[in-house]
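Residues per chain are reported as follows:
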Protein chains: 2
Amino acid sequence: MPLTPLSPYWLRDNCPCTRCRDPRNGQKLFQITDLPDDLAITDQDESAGHLAVLWSDGHRSRYPLEWLDAEGADDGRSEDGKRLWAAADFAAGLPEADWDAYLADPAERAAVLGSVLRSGFAVLRGVPAVEGQVLAVVRTFGYVRETNYGELFDVRVEADPNNLAFTSAAIAPHSDNPYRDPVPTLQLLHCLDNSAVGGDSGLVDGFRAAAVLREEAPEAFAVLTRTLVPFAFRDRTAELRADRPLIELDALGRIREVRFNNRSIGTLRLPAAELDAFYAAYRRFAAVTLRPELRLEFRLGPGDCLIFDNVRLLHARTAFEPAGPGGGSRHLQGCYADLDSLASTLAVLNRRTAALDTIAGYFEGEGAAEYLGEAVTMAEHMLQAGALAEAAGAPAHLVAAALLHDVGHFEGTGLELMAGRDNRHSDTGADWLARWFGPEVTEPVRLHVAAKRYLCTAEPGYRARLSEASEYTLGVQGGPMTPEEAAAFAALPGAGDAVAVRRWDEEAKYADAATPGFEHFRPLLAALMH
Amino acid sequence: MPLTPLSPYWLRDNCPCTRCRDPRNGQKLFQITDLPDDLAITDQDESAGHLAVLWSDGHRSRYPLEWLDAEGADDGRSEDGKRLWAAADFAAGLPEADWDAYLADPAERAAVLGSVLRSGFAVLRGVPAVEGQVLAVVRTFGYVRETNYGELFDVRVEADPNNLAFTSAAIAPHSDNPYRDPVPTLQLLHCLDNSAVGGDSGLVDGFRAAAVLREEAPEAFAVLTRTLVPFAFRDRTAELRADRPLIELDALGRIREVRFNNRSIGTLRLPAAELDAFYAAYRRFAAVTLRPELRLEFRLGPGDCLIFDNVRLLHARTAFEPAGPGGGSRHLQGCYADLDSLASTLAVLNRRTAALDTIAGYFEGEGAAEYLGEAVTMAEHMLQAGALAEAAGAPAHLVAAALLHDVGHFEGTGLELMAGRDNRHSDTGADWLARWFGPEVTEPVRLHVAAKRYLCTAEPGYRARLSEASEYTLGVQGGPMTPEEAAAFAALPGAGDAVAVRRWDEEAKYADAATPGFEHFRPLLAALMH
């Protein structure tokens, strides 16, 4: 437990209380300059897994010990967050997925996005080979970065090409748009047609190439990290310029970005000795990028979409026969996007998976406990409610609400997340679920207790059918509604859904009913999550 | 003349010949590894303003001496390319322009874009206060950077805000989206309504604040340049993370980017002593950003659009009264974009202005020379042709073609740009003009000599009306077309336009005709340029 020494301003800046931090997005609600100059810890106490701190300005903070102990993770953008590779590492196959599976299965999607982050690329197969489809691929994880080449660009032989890409010539390993700042950090290439002779694709891990250079020629590596290279592109409508090193390190000296494009290097203006040193290092690095063992070669066919990290991987192609009477042709559509949104999409996918795992865990753990005097466990009760909703042909959001209506009873949900708030289980459950589900799921959960009180008033005979335990809790929950309360409830937008959930709730109390397990409902829940 | 020592690989990498470099976009057509390991200069000779080089591999290069002598410029993104400011520097007024003038006048547009690059911001006034208009502003110089906040976002009080921006609270100087990498480098805020009490805007030059910190507390400055800060944002649909320093230096140690946003700084995980040092430096920097003398305050009114550099300026606002029965309201629409496209747009504007200045110079300089034995100077001849076209109600592109049809006679155009190509003046002129004008202007210029040869064949009596000098040059140019040549010419898409230009050309040879000067035609030409 690293309780001493604790950095006071650091600790206070991380106070998790709702006065200091917006619970919706984790954003801080105070300025660092709001803290007094002599901030100190006046008192501290460790108990119940938390460190309680009284500050010299009177503020009180409470930190989970596991947060204090946590290891730091970083943004994964430097070489430390990557799997550096050579061609042989993919002898067993490329990181790839089928487009339909990618769309349908969050795990498949996570695997593809994770490959782009870790290995720098992935291939989607079976993406409909129609124009513009590459934009639909981007929209599954982020946003298009429009450039002077358009929102998307066609890679095929053009009559008046403004870029070597739009010819049939071979292109050596390079990264795109180094003359932009910010450079687009992702590129997609979607193959519509590749019936040409030639036109194979190549990828080189620029981080690996840079690491090889660092190993073999540390001084050349150092020269490339400290020389600002004037990348430039000019045509009729654009005149772009960015001065950046070929190999960019982060503040800790780790490789963070590689830009490599011989076509776009403009005129360096340095003393001759520095030019000699740069060109020797640049030629040496270029030679490394051309080593066959570093170059992964494969062929894109119609429907293949390659997604790759444009500030790490270098991409290349072999020459091909231009379209002719006897020959085929080659047509890719490409566009640019950015790594940050892709990483965000993956993080959200992963936390949804983690949330589903957490919920699944409750069904298996605490859920196995007795359900307030009923003949079923909590898990059985909720699974029965979900199954009843499903059997009734209810829409997915009501199946989810029925399945999850009592999550507020699980101890963890209330203690972990709703500290200091009303712990009535319907509110607690709905608030907890709101992290992942919309109001169409959370509001029937929130109102399912009120729906019982409503039905006891509004529906003759309903109260008489309540189980013994339910009749008991009715009193605790406020008893039947007054007629005025019932009218107000009936006017709520979600009242009908809440009543439906309530009925499945009441029915779901049979011992030994055969119900599907939680895993049965996982895809339905995953599809409903934000 | 820095002829010795010249760095051989540098010199060769900059060979301007058309085998080495694509004349359309300046991109190199060879790999740096294509050059031999022992490349050397075998012979060199300086004459006619050029350095001719014979290389050890037999290649020959020819470099303008003024290119060899040129000073390097950089991309202007570091503090060296900026005008660092304090609030008092704008006592006389903000850098601003009227929207209509901005759209109509390239000089006004260049001034606004130049202010954003140099001072970090500019304000457009009179931008129609309608929703979505901010996207039209972006399209005048670049592309929207879409984020999790949307293509554009509304800055107004929201019921369930996921960001402090969407409340009525005061916001201290900060930059946006530091948790993105790449961070959007430009932000626009377009005011639709600001009838609220409060809600004034503030800007602080983050580069200036960083420079002040460097001056007053160099060690604190150093700490902020080398500490990776985990910026984070998390809501239902996003989980963004970027680890970057608050003050980022380029490879030469110059301030290049500033990120500053207390709300988004996540948990640093460092030894306590480093945390203490970071927080001391961060608090000190934060205090600098709050100094009144650094904060420029102004109020955006409906129709005002603020454009600012989001990796340099910090923006702020004062609190305002939320909309109520008695009060007004505040509604801005914002979006993100990037500096690179803005700088490119400005560079293209500037080179068009430079091109128009060059053309104007020819009209005043060489153009004052005798025109091949006619009674007028070249400039008078071309201005008369342009004026005739204008008087005839010709479309702008034909007025331009008539005005410029003989630019190929100007010595500079051929020598500078078309070395080694056919210097027949119609081709030379058309090729030179193609740098800025489309085929609707260049092709009538290219064909205006052929049109004479065509008319001599196709139109009875035409040849008899030729001036003495024109009759003489007809022979040099190939004489009248054969009937077959004439039929082929008439079938060309641009033949009609070329014939029209030719007729104005023939008429434009009157001494002492009153014609407008070149400046009269500048707006027409500017509007036609790519």
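It should be noted that the structure appears before, not after, this text.
Residues numbered from 1 in each chain as written. Chains lettered and ligands numbered in written order. Predicted model: local features only at pLDDT ≥ 70, side-chain atom pairs only at ≥ 80, totals over all residues. Heavy atoms only, no water.

Participant: Tell me about the pairing of strand 11 (residues 239–244) of chain A, residues and numbers included.
Facilitator: Where a strand is regular, its side chains alternate between the two sheet faces. Residue and element names in this part refer to chain A. Here strand 10 (residues 229–234) runs beside strand 11; their pairing, made up of six bridges, is antiparallel. For Ala232, the partnering residue across the bridge sits in strand 11 and is Arg241. Linking strand 10 back to strand 11 in an antiparallel pair, the connection comprises four residues. (Pairing = 2+ DSSP bridges. Helix = DSSP H or I, 4+ residues; strand = E, 2+ residues; numbered from the N terminus.)

Participant: Could you give an account of the relation of the copies chain A and chain B, naming the residues involved and the relevant values?
Facilitator: Mapping chain A onto chain B calls for a screw motion: a turn of 180 degrees about the axis and a shift of 0.0 Å along it, with 0.2 Å RMSD after fitting. Such a turn and shift between the copies fits a two-fold axis. A share of 100% of interface residues in chain A that are also interface residues in chain B marks the association as one of identical surfaces. (Least-squares fit on C-alpha atoms with pLDDT ≥ 70 in both. Contact = heavy atoms within 4.5 Å.)

Participant: Let's hear about the interface of chain A and chain B: which residues, and what values?
Facilitator: Every contact between the two is made by 94 residues of chain A and, on the other side, 94 residues of chain B. Approximately 8100 Å² of surface area, both sides summed, lies buried where chain A meets chain B, with 46% of it carried by carbon and sulfur atoms. When residues of chain A are sorted by the area they lose upon contact with chain B, Arg236, Arg269 and Arg283 of chain A head the list and together hold 10% of the total. Taken together, the links from chain A to chain B amount to 10 salt bridges. We note a salt bridge from Arg256 of chain A to Asp181 of chain B, for which the minimum N-O separation is 2.8 Å. (Buried area = accessible area lost by both parts, 1.4 Å probe. Salt bridge = Lys/Arg side-chain N within 4 Å of Asp/Glu carboxyl O.)

Participant: Which residues make up the sheet that holds strand 14 (residues 295–298) of chain A, and what are the values?
Facilitator: Residue and element names in this part refer to chain A. Strand order in the open sheet formed by four strands is 7-16-9-14, and the pairing between neighbours is antiparallel. Where the open sheet ends on each side, the last strands, each with one partner, are strand 7 (171–174) and strand 14. In this sheet, neighbouring strand axes are inclined to one another by 20 degrees on average, regardless of whether the strands run parallel or antiparallel. By the bridge criterion, five bridges tie strand 9 (residues 201–205) to strand 16 (residues 313–317) in an arrangement that is antiparallel. Considered in strand 16, the bridge of Asp205 is made with Leu313. (Axes fitted to C-alpha atoms, helices over the stretch in contact; angles between N-to-C directions.)

Participant: Kindly report on the packing of helix 6 (residues 206–216) of chain B against helix 8 (residues 272–289) of chain B, identifying the contributing residues and their values.
Facilitator: Residue and element names in this part refer to chain B. Interaxial distance between helix 6 and helix 8 falls to 9 Å at its minimum, and their mutual angle equals 125 degrees. Considering the angle they form, helix 6 stands oblique to helix 8. With respect to the hand of their crossing, helix 6 and helix 8 are arranged in right-handed fashion. Listed contacts from helix 8 to Gly206, Ala209, Ala210, Val212, Leu213 and Glu216 of helix 6 are Arg284, Phe285, Val288 and Thr289. Considered class by class, the residues forming the contact of helix 6 with helix 8 number six nonpolar, two polar and two charged. (Parallel < 35°, antiparallel > 145°, perpendicular 65-115°, else oblique. Left-handed = near helix turned anticlockwise from the far one by under 90°. Nonpolar A, V, L, I, M, F, W, Y, C, P; charged D, E, K, R; others polar.)

Participant: Can you tell me about the sheet that holds strand 14 (residues 295–298) of chain B, naming the residues and giving the values?
Facilitator: All names here are of chain B. Spatial ordering of the open sheet is given by 7-16-9-14, a layout of four strands whose pairing is antiparallel. Across the chains shown, the open sheet's two edge strands, defined by having one partner strand only, are strand 7 (171–174) and strand 14. If you compare each strand with its neighbour and ignore which way they point, the axes differ by 20 degrees on average.

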